Amino acid sequence: MIKSVVEAYRSLEKRDLRILRIIEAGHRRHEFVPEELIARWARYRREEVLDSIKRLHYHGFLRRNVAPYRGWKITALGYDVLALHTLRMQRKILRLSPTPIGVGKESVVYAGETPSGFKIAVKFHRGGVSAFRYEELFRSRVAKFSHLEDVFNTRLSAAAEFFALSKIFEGGGLVPEPIAHNRHVVVMSYIEGVELYKLTGGDFKKIADDVLHTIKVALSLGIIHGDLSPYNILVGKRSFVIDWPQWVPTSHPEARRYLQRDIANLSAFFEKRGVEIPLEEALDIRYIDSAREFFKEINKMGFL
């Protein structure tokens, strides 16, 4: 049984990848793409197409539907290898760790390396956690693709995280450097560090200052983390805030509540370690329509 995206990718032949891309294109109209349509578009002999489909199904890249017609649907693993293949062709990824370095409910993360030898983290999104999935602009655009809701939500989360990382990194905040993203995958710099909640000692005042600096940079750009806690702060030479797919724009009706929750989580942690968070300063929220800018970026990238 295939246990990682690396093993999955290595198991594929060139023809298999083409069949997967054909089925992905077919999903625009079909939840389960008819086998006859796949065979017609593939430009391979029918026997070769069926052989690829059989292998893809056996290894877990496809799900089958037999009634009222025989059709095929790409699984999460299938999307993983399509995204990985595209990023490799774009020379954003050279290799990945054989197994994940982090597995959560909403993502799987691998360590990797670019062709230039730069160490990276490659994040495969699993859950559609972005606040933007509730936005009318997004929902109206994807309404006719209700059969692809899960796919669009994971892609939206990846796009949201890449947008937030790009803005905050450019603004001088302490976040991983965003390198690329494709479909539901984000490639970023690898941060050497340990999660804050695991730390038993250290300069907690310096850590708090780093985190507050990043929060302020994000707020100046109209971005609120939305799920900030000691679990998504990595402490090394500096302290980096990670995991941004669920960010909330400061124009959101509940923006202050999300920010207050973030700050309360931080304050509770640091107070136990003798560090006081300046609440007035930390809660200085500014109205910036970052949501509109994000949707402009989505349109540029051909998200829909």
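Before going into details, it helps to say that this report is about the structure given with it.

1. Quick word on the pattern of salt bridges
Following the criterion strictly, the structure yields 24 salt bridges and no others. Of the charged contacts, one joins arginine 95 and glutamate 113 as a salt bridge, the two residues approaching to 3.1 Å between their closest N and O atoms. One end of the pair, arginine 95, is in strand β4 (residues 95–96); the other, glutamate 113, is in strand β6 (residues 107–113), and 18 residues separate them in sequence. Taking the relative accessible area as the measure of exposure, arginine 95 reaches 45% and is therefore partly exposed. Linking lysine 198 and glutamate 195 is a salt bridge whose minimum nitrogen-to-oxygen distance equals 3.3 Å. Taking the relative accessible area as the measure of exposure, lysine 198 reaches 46% and is therefore partly exposed. Judged by its relative accessible area of 24%, glutamate 195 falls in the partly exposed class.

2. Here's the deal with the sheet that holds strand β12 (residues 233–235)
Here we have three strands laid out as an open sheet, ordered β10-β12-β13, and antiparallel in their pairing. In this open sheet, the two edge strands, each paired with only one partner strand, are β10 (194–195) and β13 (239–241). Both β12 and β13 contribute to a ladder of three bridges, which runs antiparallel. Bridge pairing links valine 235 to serine 239 in β13. Those strands touched by helix α8 (residues 204–220) are β12 and β13, and its axis lies near 35 degrees from that of β13.

3. A look at the side chain of histidine 27
Looking at the secondary structure, you find histidine 27 in the loop between α2 (14–26) and β1 (33–34). Within the structure, the side chain of histidine 27 is placed 3.1 Å from the backbone nitrogen of isoleucine 74, a separation counted as a polar contact. Discounting residues that sit within four places of it in the chain, histidine 27 has contacts with Val33, Trp72, Lys73, Ile74, Tyr79, His147 and Leu148.

4. Some details on the environment of histidine 57
Position of histidine 57 among the secondary structure elements: in helix α4 (residues 46–58). Excluding residues that lie within four positions of it along the chain, histidine 57 makes contacts with Leu62, Arg64 and Trp72.

5. With respect to the packing of α8 against helix α9 (residues 255–271)
Packing of α8 against α9 leaves a shortest axis separation of 11 Å and a crossing angle of 175 degrees. When the interaxial angle is binned, α8 and α9 end up roughly antiparallel. Contacts between α8 and α9 involve Phe204, Ile207, Ala208, Val211, Ile215 and Leu219 on the former and, on the latter, Leu259, Ile263, Leu266, Phe269 and Phe270. Considered class by class, the residues forming the contact of α8 with α9 number 11 nonpolar, no polar and no charged.

6. Topic: the pairing of β6
With six of seven residues buried, β6 is to be regarded as a mostly interior element. Note: β4 against β6, two bridges, orientation antiparallel. Its bridge partner being in β6, arginine 95 is matched across the sheet by glutamate 113. Two strands pair when backbone bridges link them, and strand β5 (residues 102–103) and β6 are joined in this way by two bridges, in the antiparallel orientation.

7. Side note on the packing of aromatic side chains
A complete count under the given rule lists eight aromatic pairs for this structure. Measuring from ring centre to ring centre gives 5.3 Å for phenylalanine 269 and phenylalanine 270, while their planes differ by 90 degrees; the resulting arrangement is edge-to-face. Here the two residues phenylalanine 269 and phenylalanine 270 agree in accessibility, since each one is buried. With 5.6 Å between their ring centres and 45 degrees between their planes, phenylalanine 294 and phenylalanine 295 make a pair best called tilted. One aromatic cluster is present, built from ring pairs that chain together Phe163, Trp247, Phe294 and Phe295. Over the face of the ring belonging to tyrosine 258 we find arginine 257, whose NZ or CZ atom lies 4.8 Å from the ring centre. One Lys or Arg, arginine 273, reaches over the ring of phenylalanine 269 and ends 3.7 Å from the middle of that ring.

8. So, α9
Relative to the 24 Å expected for 17 residues at 1.5 Å per residue, α9 spans 24 Å between its end C-alpha atoms, a close match to the ideal helical length. Those residues of α9 that sit buried are Ala255, Tyr258, Leu259, Asp262, Ile263, Leu266, Ser267, Phe269 and Phe270. Buried residues of α9, seen end-on, are gathered within an arc of 165 degrees and therefore sit on one face of the element.

9. So, the sheet that holds β1
Taken together, three strands build an open sheet; the order of strands is β1-β3-β2 and the sheet is antiparallel. The open sheet is flanked by β1 and β2 (62–65), the only strands paired with a single partner. With four bridges connecting them, β2 and strand β3 (residues 71–74) associate as antiparallel partners. When the sheet's bridge partners are listed, asparagine 65 is paired in β3 with glycine 71. Together, β1, β2 and β3 form the strand contacts of α2, whose direction differs from that of β3 by roughly 95 degrees.

Rules used throughout
Residues numbered from 1 in each chain as written. Predicted model: local features only at pLDDT ≥ 70, side-chain atom pairs only at ≥ 80, totals over all residues. Heavy atoms only, no water. Salt bridge = Lys/Arg side-chain N within 4 Å of Asp/Glu carboxyl O. Helix = DSSP H or I, 4+ residues; strand = E, 2+ residues; numbered from the N terminus. Buried < 20%, exposed > 50% of the residue type's maximum accessible area, 1.4 Å probe, protein only. Pairing = 2+ DSSP bridges. Contact = heavy atoms within 4.5 Å. Axes fitted to C-alpha atoms, helices over the stretch in contact; angles between N-to-C directions. Polar contact = N/O pair within 3.5 Å; in protein donor to acceptor, adjacent residues only side chain to side chain. Parallel < 35°, antiparallel > 145°, perpendicular 65-115°, else oblique. Nonpolar A, V, L, I, M, F, W, Y, C, P; charged D, E, K, R; others polar. Phe/Tyr/Trp six-rings, centres within 6.5 Å; stacked < 30°, edge-to-face > 60°. Lys NZ or Arg CZ within 6 Å of the ring centre and 35° of its normal. Expected span 1.5 Å × (residues − 1). Arc of directions from axis to C-beta.

These values are about where atoms sit, not about what they do.
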